Each structure stands twice: as C-alpha cells, then as structure tokens.
Amino acid sequence: MKERLEALRQEALEELKQVADPGVLNDLRIKYLGKKGALTEILRGMGSLSNEERPIIGQVGNEVRAAIEAVISEKQELFIRQETENRLRAETIDVTLPGTKTAAGAVHPLNKVVQEIEDIFIGMGYTVAEGPEVETDYYNFEALNLPKNHPARDMQDSFYITDEILMRTQTSPVQIRTMKAMNGKTPVKIICPGKVYRRDDDDATHSFQFNQIEGLVIDKNIRMSDLKGTLLQFVQQIFGEQTQIRLRPSFFPFTEPSAEVDVTCVQCGGHGCRMCKQSGWLEILGCGMVHPRVLEMGGYDPNEVSGFAFGMGVERIALLKYGIDDIRHFYTNDLRFLSQFARM
Ligand code: DAH
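Please read these numbers as outputs of a predicted model, since none were measured by experiment.

Calculation notes
- Residues numbered from 1 in each chain as written.
- Predicted model: local features only at pLDDT ≥ 70, side-chain atom pairs only at ≥ 80, totals over all residues.
- Heavy atoms only, no water.
- UniProt positions renumbered as here; feature names shortened; annotations may be inferred.
- Helix = DSSP H or I, 4+ residues; strand = E, 2+ residues; numbered from the N terminus.
- Contact = heavy atoms within 4.5 Å.
- Buried < 20%, exposed > 50% of the residue type's maximum accessible area, 1.4 Å probe, protein only.
- Salt bridge = Lys/Arg side-chain N within 4 Å of Asp/Glu carboxyl O.

A separate point is the UniProt feature "binding site: Mg(2+)" (unreviewed entry) in the protein. Mapped onto the present numbering, the UniProt feature "binding site: Mg(2+)" (unreviewed entry) falls on Glu 256. Along the chain, Glu 256 falls in strand S7 (residues 255-264). Discounting residues that sit within four places of it in the chain, Glu 256 has contacts with Met 289 and His 291.

The structure is reproduced here in structure tokens:
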C-alpha cells in the first residue's frame, strides 16, 4: 500500500508539472484528492491493515496529500500572478501619446451681452426678475395702459394663441407681475431679460423672436434725473466711458413722460459716419416715468410713490457693441461666427 501511495505521489506530481491551465488544474485536484479521487480510493483499503501498520500508512497518506496540495496551490498562485500580469500588460496606457482634443463650447454672444447687462445692473442694486413667454392680454397690454382697440397695439403685431392669450410682444408685462408680487412694498428695483415675439418678417434688423431687457424702479421720490443718471451709468459701462446719451421725447402708453434714448455713435464717437447715418447718434432704448395708471394697476398709490422704466433690445445692443451688421447671424448658428466670441 505504501508503494501504491508513493506511485500515486510520483504520478500526480509528474502530471501537475505539465499543467498550464487553471481548468485542468482543478480537474487534477478532483482526480487525485477528490472524495472519489485516487488517494481516497487507496486509503479506503486501510481497514484491512494491522494496528501497527495503520498509523504508518496514515502518515504516508497525509504526506502524499500535503505534497499534492502544495503543488496545486503553488500552481494556483502562479496562474493568478500570470493573469494579473497579462491584464496589466493589456491595459498599459501610453501617456506619451498625443491626446484627442474635445471641442469646448462658448457662451452665445447674445447671452454674453445679457450677462454683462445683468452684472451692470446687479452692481447698481437691482435683482433679476422673470416672467412667462406665453402671456395674457391683460399683462401684455391692458395693465400696461393699452386697453382693447388702443392704436398702439398695432405697433406690436402679435402672435395670438386665443383671444386672451398670446406670445408676449415685450418684457414690460413683467413690470406688472413684479409689482403685484411685491404687494405694494418698496423699493422695486428689477431688470428682466427674456424672449419676446412679434409678427415681423425676418431681415437684417427684424426677427419674429428676439430678446429684450426691461428695467423697473419704484420708490418714494423717484425722478427723471434718476432715470437719466442710471442710463448714463449703464451705457458708459457697456459701450465705454466716453459714451454720452441724449433723451428725445417719445410716446409709450405705460410711461409719462416717455423718451427714446440715443448714445453717441460707438463707431465714430459722434462725428458722423455711415453707421449713425451721419447723425452721430444711435437709438438704443425706450424709457420713461411709470404712468400713474400703471402704478395703480400694479397696486401702488401714484400719490405716494413714483418710478421709472426702460426697455431695450438685446440684439440691437449686441450689434452695436460688436459691430455686427445682421441680426440673423445670432440665430443661424454658424460656428465661424459664434467661435469668434469664445475668446472675447
Ligand atoms: N416695451 C417697449 C417696446 O417693446 C420698450 C419700452 C419702452 C419699455 C419704454 C419700457 C419703457 O419699460 O418704459 O418697444
């Protein structure tokens, strides 16, 4: 029996030496050491041994088992090591290879101008308000002192959804929404950027959808000089310190008095050039003192408080600021145009 055990050891170690595959290794472990394996098979015969022989053979059996187990676990470790090495080799990264460039986006020039204007007004203590683009006739017109059949409604040919609901034609409805939300409290000091819609045919200076920024200030003793000083401060920050303004009398139903504001030409500084049609001035926004009726509709007493408001077209400001000649460049998303603003 001892010889059979020794022979088994020989045979097993010989066979294990050749193994190069973890699956085969496992098969051999079962073949030699398994419950129905060769070693168990031999040791089953121990019952017929004498009392003296039994412990000796038992010990040999244990030695053979230990020897086979040792080789198996040695092989197992080897396989694990090899597999790790193979994986590491396969996953090697060559850090010296040149990288692939990811195209980085940039802020759209219109959004850039909006952000810049917001920053200027935030610097003067304003907060930024918002309102819906789908608006009711009441907020877009009625409450702004444009009752039904008012001729000024024609100035803003509208996209109606129903008789009472339309795409807002201006950001001015946010004036009323803000006043109502403030519930009579002062001061009110907001700007509101947003998209507006009009039934215009698109051309170099018109678009059926464009952006405005509305401003509204309400408090005790707000005067026209506050409006003028605010606008001067604003244009000098956005167009440069040399910029001057002039106010021309105008009409808006929601302000009284109303004015249109011109800046000294950003191109020629006021001497006269093609851009300003030799006038030296460029129109940039509408403004005025909030009409008493509008204050009332917003829940304020015009005998207690006063206010000013203004509204400007973002595209117009951007055209002037960057010397762009066609508003459609902003919407057609030609990267050759857009990418120029990434570095500005
Ligand atoms: N809402 C006017 C427009 O779209 C612009 C405007 C003019 C807004 C005067 C104002 C204002 O707040 O006071 O043409």
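On to the side chain of His 291. For His 291, the position within the fold is in the loop between strand S8 (281-290) and helix H9 (292-297). Of the residues examined, His 291 reaches a relative accessible area of 17% and is grouped as buried. Setting aside residues up to four positions removed in sequence, His 291 forms contacts with Asn 145, Pro 253, Phe 254, Thr 255 and Glu 256.

Before going further, it helps to examine the pattern of salt bridges. One pass over the structure, following the stated rule, counts 18 salt bridges. When the shortest N-O distance is used, the salt bridge between Lys 31 and Glu 11 registers 3.9 Å. Of this pair, Lys 31 sits in helix H2 (residues 22-33) while Glu 11 sits in helix H1 (residues 2-18); the two residues are 20 residues apart in sequence, bridging distant segments of the chain. In this structure, Arg 177 and Glu 135 form a salt bridge, with 2.7 Å as the shortest nitrogen-oxygen distance. Of the two residues, Arg 177 is situated in helix H7 (residues 173-182) and Glu 135 in strand S2 (residues 134-136); the sequence distance between them amounts to 42 residues. The class of Glu 135 is buried, set by a relative accessible area of 1%. Within the structure, one salt-bridge network assembled from shared partners comprises Arg 246, Arg 248, Glu 260, Asp 262 and Glu 283.

Across the junction of Thr 186 and Pro 187, the peptide omega takes the value -5°, indicating a cis bond. Secondary-structure assignment places Pro 187 in the loop between H7 and strand S4 (188-197). The omega angle of the peptide bond from Glu 256 to Pro 257 is -5°, so this bond is cis rather than trans. You can see Pro 257 is positioned in strand S7. Even without a glycine there, the phi angle at Asn 145 is positive, about 70°. Mapped onto the elements of the fold, Asn 145 is located in the loop between helix H6 (137-140) and strand S3 (165-167). Among the residues examined, Asn 145 registers a relative accessible area of 10% and is labelled buried. Of note in this structure, Asn 183 is not a glycine but carries a positive phi near 55°. Examined against the element boundaries, Asn 183 turns out to sit in the loop between H7 and S4. Of the residues examined, Asn 183 reaches a relative accessible area of 65% and is grouped as exposed.

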